[in-house]
Amino acid sequence: MSSTPPNDPSARPNPFFVPAKDFSMVARRHFLGLMALTCGWTILHAAEGDKKGKGGGKGKGGGGGGEDQSKARGPSFQGEYVLPESLAEYSRLSLILGRASDKSVTASFLASEAMEGFLELGVAPGKYTRKVGPLTFPKGEPVEVVIDQLAPNTEYHYRLQSRKAGGGAFAARPECRFATQRAPGSSFVFTIQGDSHPERPQSSHPDLYARTLQAAAAERPDFHICIGDDFSVDKVRTVAPAALTQPYLLQRPFLGLIGQQAGVFLMNGNHEQGSLFNYQQEDERHDVAVGVQLARNRLFPTVGHDGFYTGCQENLKGIGPLKSYCAWTWGDALFVILDNYWHSPALVDSGFGEKAKSTKGDDKKNRDWWGITIGDAQYQWLKRTLETSKAKYKFVFAHHVLGSGRGGVDEADLYEWGGQGKRGEGTFKEKRPGWELPIHQLMVKHKVNVFFQGHDHLYCKQEKDGIVYQEVPMPSDHGYVAYNEDRYQSGTKLPSSGYLRVSVSPQQTKVEYVRCFLPKDETKETRHCMVAHAYDVKPRTA
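Residues numbered from 1 in each chain as written. Predicted model: local features only at pLDDT ≥ 70, side-chain atom pairs only at ≥ 80, totals over all residues. Heavy atoms only, no water.

Remarks on the overall build of the chain
Basically, it comes down to this: Segments assigned H or I by DSSP are reported as helices when at least four residues long, segments assigned E as strands when at least two residues long, and all are numbered from the N terminus. With a 1.4 Å probe rolled over the protein chains alone, any residue whose accessible area is under 20% of its type maximum counts as buried; one over 50% counts as exposed, and the rest are partly exposed. Contacts are residue-level and defined by heavy atoms, with any inter-residue pair within 4.5 Å sufficient. Note that accessible areas follow from Shrake-Rupley with a 1.4 Å probe, and for residues the cover is restricted to the protein chains shown.
Regarding its fold elements, the chain presents 10 helices and 26 strands. Looking at the 542 residues of the chain, the share that counts as buried comes to 61%. Across the chain, contacts joining residues at least 24 apart in sequence account for 74% of those joining residues at least 6 apart. If you sum the accessible surface of the chain, you get close to 21,000 Å²; carbon and sulfur atoms cover 53% of it.

Given below as structure tokens:
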């Protein structure tokens, strides 16, 4: 950024930039934090099991994005947010799979220096019958390769061979795998991570993040879903394309740890600042919204409406295909990813900052909550998708109920999600003409099994009207905190860090919370890759 000419309009200050706070007092609480981890939370888990968690008041959990800075229990991470030295090769050349279908998969490569290589591919471990390449990887330029002519319902094994451009011996990466669309009756695994927030040194540690992703990759999942708030622009100082790309470049080597084994699906969170409200502004916020979505679609194999996947068909000036919401069927399960932000003309939970004091409608305390919406097009697509699916399992994902606030079932009765105003203001039929039912009731009618969300930075499993509301924990919080637990007045509540392992079979689906720890924080009670909580989900047929 310092090399950007002062008169370059792209060097304008980022209105969402958040200066670092002073964490000098946090280290003094490290010992107490570890005691809470090894004693307090262990007792909670052993005593409660699958019983209801402790209740809490709704008034103090925070109403929006929240910075998680006052509750950090460990020392702020000091240093550059990079992969551990032992994994540095994955920063030199990252490979992330995506857009898997019944007959193809897309491999996205990004090299830090000019390189070349090829893939060896086969249906049995160590036996390669096909070569993909030669491939050229320019420095800093993403390269997408579509591997087609694949067989449906098949697991493939492959090996990447690469070298520096211009010659020398090829070096082989360890063998990886991926799968094409599973047939009905098949069993498979997928994994989910919550808000990784690498820009927050008090609640995200690169070594723990890498360790979590490696553990998730060892599950051999067919895909890995990121629930949002992975590419925050809070620490980006200027509104320039290169600067807005940095959060996406930072995540590439990390997500490559699991992306080489499983297709990665990205969801939009509030801290990405990609939203229709920002896009419609006439100042820097418009440029932020355009820049971050361009970076996402360029640097990751994102999903659009293409025949195998259904979803958003909207094109926006300056962006092109938006690629926000999508759905697909895999085995006996329907997967539906919603977008909370790109289809709401009203402010949701992004766009705050210095402009809040002067811009009409940009008022966090006095928002029109009925104005917050997934939009008519996304709602009607969701309705068609749910009512036409014959899948045994239906899983719906969004960054959060309504995209803002805190809580799971605690918020599910409100506004377009549940049909009620917080103070009785407005009616659903008045506020959403043409909508059959509020979103929650629509999911109940069409027998959705689990609604997965993030945003609140803890693990919590709740139920409402036969639907599990599952809050996904952070993957990298080295303070091991359950943030915002007071906003969940029911359910099983546990602290981060870790990921969810979801094993789907025709008879049942098992959801497991796999805890992850840094080596220095492991004890007999806090073991890396321990299952902290698990439950089964049965098929729900019409």
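Right, picking up where we left off after that structure.
Quick notes on the pairing of strand E4 (residues 115-122)
Definition in use: Strands are treated as partners if at least two bridges between them are detected by DSSP.
With eight of its eight residues buried, E4 lies for the most part within the structure. Across the two faces of E4 the burial is the same, with Met115, Gly117, Leu119 and Leu121 and Glu116, Phe118, Glu120 and Gly122 all buried. Bridge analysis of E4 against strand E5 (residues 130-137) gives six bridges, and the strand direction is antiparallel. Residue pairing for E5: leucine 119 is matched across the bridge by valine 132. As paired strands, E4 and strand E7 (residues 155-164) are joined by eight bridges and run antiparallel to one another. When the bridges of E7 are listed, leucine 121 appears paired with tyrosine 158.

Comments concerning helix H3 (residues 206-217)
Quick note on the threshold: For a helix, the expected span equals 1.5 Å multiplied by the number of residues minus one.
Here H3 spans 16 Å end to end across 12 residues, near enough to the 16 Å set by a 1.5 Å rise per residue. In terms of burial, H3 is largely enclosed, as nine of its 12 residues are buried. Buried residues of H3: Pro206, Leu208, Tyr209, Ala210, Thr212, Leu213, Ala215, Ala216 and Ala217, and no others. Lining the buried residues of H3 we find strand E10 (188-193), strand E11 (223-226), helix H4 (241-259) and strand E24 (498-504).

Digging into the packing of H3 against H4
Our working rule: Between the N-to-C directions of two axes lies an angle of 0 to 180 degrees, each axis being a line fitted to C-alpha atoms and, for a helix, fitted only over the stretch in contact. Each angle is binned into one of four classes, with values under 35 degrees roughly parallel, values over 145 roughly antiparallel, values of 65 to 115 roughly perpendicular, and all other values oblique.
Put simply, H3 and H4 touch, their axes get as near as 7 Å, and they point 30° apart. One finds that H3 runs roughly parallel with respect to H4. Of H4, the residues touching H3 (which contributes Pro206, Tyr209, Ala210, Leu213, Gln214, Ala216 and Ala217) are Gln251, Phe254, Leu255, Leu257 and Ile258.

Some words on the nonpolar core
General note: in soluble globular proteins, nonpolar side chains tend to be found buried as a group. To be explicit about the condition: Each nonpolar core is a collection of buried residues, namely Ala, Val, Leu, Ile, Met, Phe, Trp, Tyr and Cys, held together in the definition by side-chain atoms within 4.5 Å.
Counting residues in each nonpolar core, the largest one holds 57 residues, and the members touching the most others are Phe190 and Phe397. Examining the composition of this core, we find that four residues originate from one element, strand E3 (residues 105-111), more than from any other. In this structure, Cys312, Val401, Ala412 and Leu414 belong to the second largest nonpolar core, which totals 43 residues.

Details of the sheet that holds strand E17 (residues 326-330)
Across a sheet, strands are paired by hydrogen bonds formed along the backbone, either parallel or antiparallel in direction. The strand order across the open sheet formed by eight strands is E14-E17-E18-E19-E20-E22-E21-E23, and the pairing between neighbours is mixed. The sheet terminates laterally at strand E14 (310-311) and strand E23 (492-494), the two strands that pair on one side only. The pairing of E14 with E17 spans two bridges and is classified as antiparallel. For threonine 310, the partnering residue across the bridge sits in E17 and is alanine 327. Helix-sheet contacts for helix H7 (residues 376-388) involve E14, E17, strand E18 (333-337) and strand E19 (393-397), and the interaxial angle to E18 is about 175°.

Things to note about the packing of aromatic side chains
Filter applied, for reference: Note on aromatic contacts: the rings of Phe and Tyr and the six-membered ring of Trp form a pair at centre separations within 6.5 Å, being stacked when their planes are under 30 degrees apart, edge-to-face when over 60 apart, and tilted otherwise. Note on criteria: charge over ring means Lys NZ or Arg CZ within 6 Å of the ring centre, with the direction from the centre no more than 35 degrees off the ring normal.
Applying the stated criterion to the full structure yields 40 aromatic pairs. With a centroid separation of 6.2 Å and 10° between ring planes, the pair formed by phenylalanine 335 and phenylalanine 397 is classed as stacked. Pair noted here: phenylalanine 335 is in strand E18 and phenylalanine 397 is in strand E19, with a separation of 62 residues, a long-range link. For phenylalanine 397, a relative accessible area of 0% puts it in the buried group. The ring centre of tryptophan 369 lies 5.8 Å from the NZ or CZ of lysine 422, which sits over that ring.

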